[in-house]
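# Residue-level structural notes
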Amino acid sequence: MRILLLTALLLPIAAALSAKEYVPHAVIAASSLPVSGNMVMDAHLPAKLSEYGFFNGAANAPSSGLIPYSLATPLFSDYSEKQRFIYLPPGTQVLIADGFGRVTFPVGAAIVKSFGYPDAQGKLKIIETRVLLNRAEGWTALPYVWNADGSDADLRVGGLRTNVTATLPDGKTQLISYAVPNKNQCKQCHSSLGKIEPIGPLLGNMRFQTLADKQRFLGSSVDVKKVQAMPAWDDVKDATVAQRAKSYLYVNCAHCHRPTGSASNSGLFFDETAIGPTAQGIYKHPVAAGRGSGGFEFVIAPGKPEQSILLYRLESLDPGVAMPELGRASVHKEGADLLRQWIKEMPQG
C-alpha cells in the first residue's frame, strides 16, 4: 500500500516575518520624482516608461514613491537579477489574506519589476522593466525595454529576444537567448480564470529592505501573525529539503498549476489548495501521455528522480517538453538538484 506523503503543500514555518528582512545585493538610491497616478490609471498604453514617473532617467534611480522589496524564493528567469517595486496610491492600502499572505491591491496600484545581468565591471545592466497596472477595468501587463544609454525604456508589445552572458552560481559563464515576453505571454503567466492578476507578491515570501518600507506597504491594519513565512529555496538552515522544494514549486509552477490557472485541467497543483499526495504529483499519472512525459509513468516517482516526469520536464530545453513553458531558455541546475534530492529522499510505498 502506497504511503500518503506530505499532504500539506508547505508546512508552517515558525520564523517571524519581521526577523527576515531583505538585505539587498546593492542599495538603490531613490529619486524624489513623483509617480504619475493618472498615467497608471489611464486607459492608453504609454510608449515610454518615463511617462509613469517610476524612474528618474535610469533604472537604478527609482522614484521615492516606489516601495522596494525582494522575495525569499524568486521565480527563476535565466539567472537574471531582478529589482522589484510596488506603487500604492496615496491614502490606499493592501488587503492580506491568511495563509501565505496573498495580496489584494487597490485600484491605481502598480507592480514594477526590472530584469538584468551584471556587466564586466559587476554593475547590474537592466534589460527590461515589466509593469502590472491595476486599472478600473482590471490589471494590465506591459513590457518595456531599456534603450542603449539606459535613459528610458520603450514599450515592446511584441517582445524581444537578445543574447546575454550570464554568470552562474559556480562562477562559469553561459550564453543565454534571453526573451522579453510579448504582451500576450505576460497575460498567459498572469492569468487566473481568464483575467490578469499578480502572482509574485505573497507577504510570506516578501522581504523588505527597511522596516519603514514594510510599514509603507502594510499600512496599519494588517496582522502579520496570521501569515506564514515561506522558506528560501536555497537556504539549508531555513527549512527541510521537502519544505524548500515545495516553496520552489509554489513560486515557479503554481501560477499555472492551481485551480484557477491555465494548467488547471492537469489536476496537478502546487499552491495551497493541493489536498493529498496525488494532486501534488506523487504517484500521479499524467493527464495526457506523449513525449512530454518522457515515457515515464508518474509525475513524481518517490525515490526515483530519474523516472519522474516533473524533473524530466524541468531539465528539458525542448519547447514541447520544457516546464515552465515561458520565461527560461536555460536549465536551473541548482533548483533541479534540490528537487532531485527531495524526490530521492521520499520513501517508496
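Everything below is about the structure printed above this text.
Let me sum up the structure you'll find in this document. Chains are numbered independently. Their residues run from 1 in the order of the written sequence. A pLDDT threshold of at least 70 governs which residues receive local features in this predicted model, and a stricter bar of 80 or more applies before side-chain atom pairs are shown or counted, although totals over entire chains, interfaces and linings include all residues. To obtain the side-chain values, all non-hydrogen atoms of the structure were used and water was disregarded.

## As for the overall build of the protein
For helices the rule is a DSSP run of H or I covering at least 4 residues; for strands it is a run of E covering at least 2, with both sets numbered from the N terminus onward. Along the backbone of the protein there are six helices and 13 strands. Burial analysis of the protein (349 residues in total) assigns 50% to the buried set. Residue contacts are defined here by distance: any two heavy atoms, one from each residue, within 4.5 Å place the two residues in contact. A separation of at least 24 residues holds for 58% of the contacts in the protein among residues at least 6 apart in sequence. Note on areas: Shrake-Rupley, 1.4 Å probe, and residue coverage restricted to the protein chains presented here. Here the protein displays about 16200 Å² of accessible surface, and carbon together with sulfur accounts for 55% of that area. Under the scheme applied here, a residue whose accessible area is under 20% of the maximum for its type counts as buried, over 50% as exposed, and between as partly exposed, the area being computed with a 1.4 Å probe on protein chains only.

## Considering the pairing of strand 9 (residues 160–167)
By definition, two strands form a pair when at least two bridges between them are found by DSSP. Two elements, strand 9 and strand 10 (residues 173–180), share eight bridges in a ladder whose sense is antiparallel. Its bridge partner being in strand 10, Thr167 is matched across the sheet by Thr173.

## Some thoughts on the side chain of Gln243
Relative to the elements of secondary structure, Gln243 occurs in helix 4 (residues 241–253). Note on Gln243: relative accessible area 11%, which makes it buried.

## Looking at unusual backbone geometry
Put simply, Met323 and Pro324 share a cis peptide bond, and its omega is -5°. One non-glycine residue with positive phi stands out, namely Tyr283, at about 55°. With respect to the helices and strands, the residue Tyr283 is situated in the loop between helix 4 and helix 5 (309–314). With relative accessibility at 15%, the residue Tyr283 sits in the buried group.

## With respect to the pattern of salt bridges
If charged atoms from side chains of opposite charge come close, those side chains can pair. Definition used for salt bridges: Asp or Glu carboxyl oxygen within 4 Å of a side-chain nitrogen of Lys or Arg. Scanning the entire structure with this criterion turns up nine salt bridges. We note a salt bridge from Arg130 to Glu128, for which the minimum N-O separation is 2.8 Å. With a closest N to O distance of 2.8 Å, Glu197 and Arg258 form a salt bridge. Of this pair, Glu197 sits in the loop between strand 12 (195–196) and strand 13 (206–208) while Arg258 sits in the loop between helix 4 and helix 5; the two residues are 61 residues apart in sequence, bridging distant segments of the chain. What emerges from the salt-bridge pattern is a single network uniting Glu315, Lys333, Asp337 and Arg340.

## Quick word on the packing of aromatic side chains
Two aromatic rings, drawn from Phe, Tyr or Trp (for Trp, its six-membered ring), form a pair once their centres lie within 6.5 Å of each other, and the interplanar angle then sorts them: stacked below 30 degrees, edge-to-face above 60, tilted otherwise. Scanning the model with the defined rule gives 13 aromatic pairs in all. Taken together, a centroid distance of 5.9 Å and an interplanar angle of 90° make the contact between Tyr117 and Tyr178 edge-to-face. Within this pair, whereas Tyr117 is found in strand 5 (residues 110–118), its partner Tyr178 is found in strand 10, the two being separated by 61 residues in sequence. As far as the burial class goes, Tyr117 and Tyr178 line up, both buried.

## Topic: the nonpolar core
Tyr178, Leu249, Phe270, Ile300, Leu310, Leu339 and Trp342 are the most contacted members of the largest nonpolar core, which has 42 residues in total. Mapped onto this core, the elements with two or more residues apiece are strand 5, strand 9, strand 10, helix 4, helix 5 and helix 6 (333–345). The dominant element in this core, judged by the number of residues it contributes, is helix 4, at eight residues. By nonpolar core is meant a set of buried Ala, Val, Leu, Ile, Met, Phe, Trp, Tyr and Cys residues that side-chain atoms within 4.5 Å join together. With 22 residues, the next largest nonpolar core counts Ile86, Cys186, Met206 and Phe217 among its residues.

## Focus: helix 3 (residues 211–218)
Where helix 3 is concerned, the buried positions are Asp213, Lys214, Phe217 and Leu218. Projected down its long axis, helix 3 shows its buried positions confined to an angular sector of 125°, all on one face. The elements touched by buried residues of helix 3 are strand 1 (67–71), strand 2 (81–87), strand 3 (95–96), strand 4 (103–104) and strand 13. Directions from the helix axis toward the C-beta atoms define the arc.

## What about the state of the cysteines?
When two cysteine sulfur atoms are found within 2.5 Å, that pair is recorded as a disulfide. The full count for this structure, using the stated rule, is zero disulfides. Not part of a disulfide, Cys253 finds its nearest cysteine sulfur in Cys256, a span of 8.7 Å. Here Cys256 falls in the buried class, since its relative accessible area comes to 17%.

## Considering the side chain of Arg258
For Arg258, a relative accessible area of 6% translates into the label buried. The definition of a polar contact used here is a pair of N or O atoms within 3.5 Å, where within protein one atom must be able to donate a hydrogen and the other to accept one, and adjacent residues in sequence count solely through side-chain atom pairs. Here His255 takes part through its backbone oxygen, which lies 3.1 Å from a polar atom of the side chain of Arg258.

## Observations concerning the sheet that holds strand 8 (residues 153–155)
Taken in spatial order, the seven strands of this open sheet run 8-7-6-5-2-1-13, and their pairing is antiparallel. Of all strands in the sheet, those with a lone pairing partner are strand 8 and strand 13, marking the two edges. Adjacent strand axes in the sheet meet at a mean angle of 30°, parallel and antiparallel pairs treated alike. Note on method: axes are straight lines fitted to C-alpha atoms, helices fitted across the in-contact stretch only, with angles between N-to-C directions ranging 0 to 180 degrees.

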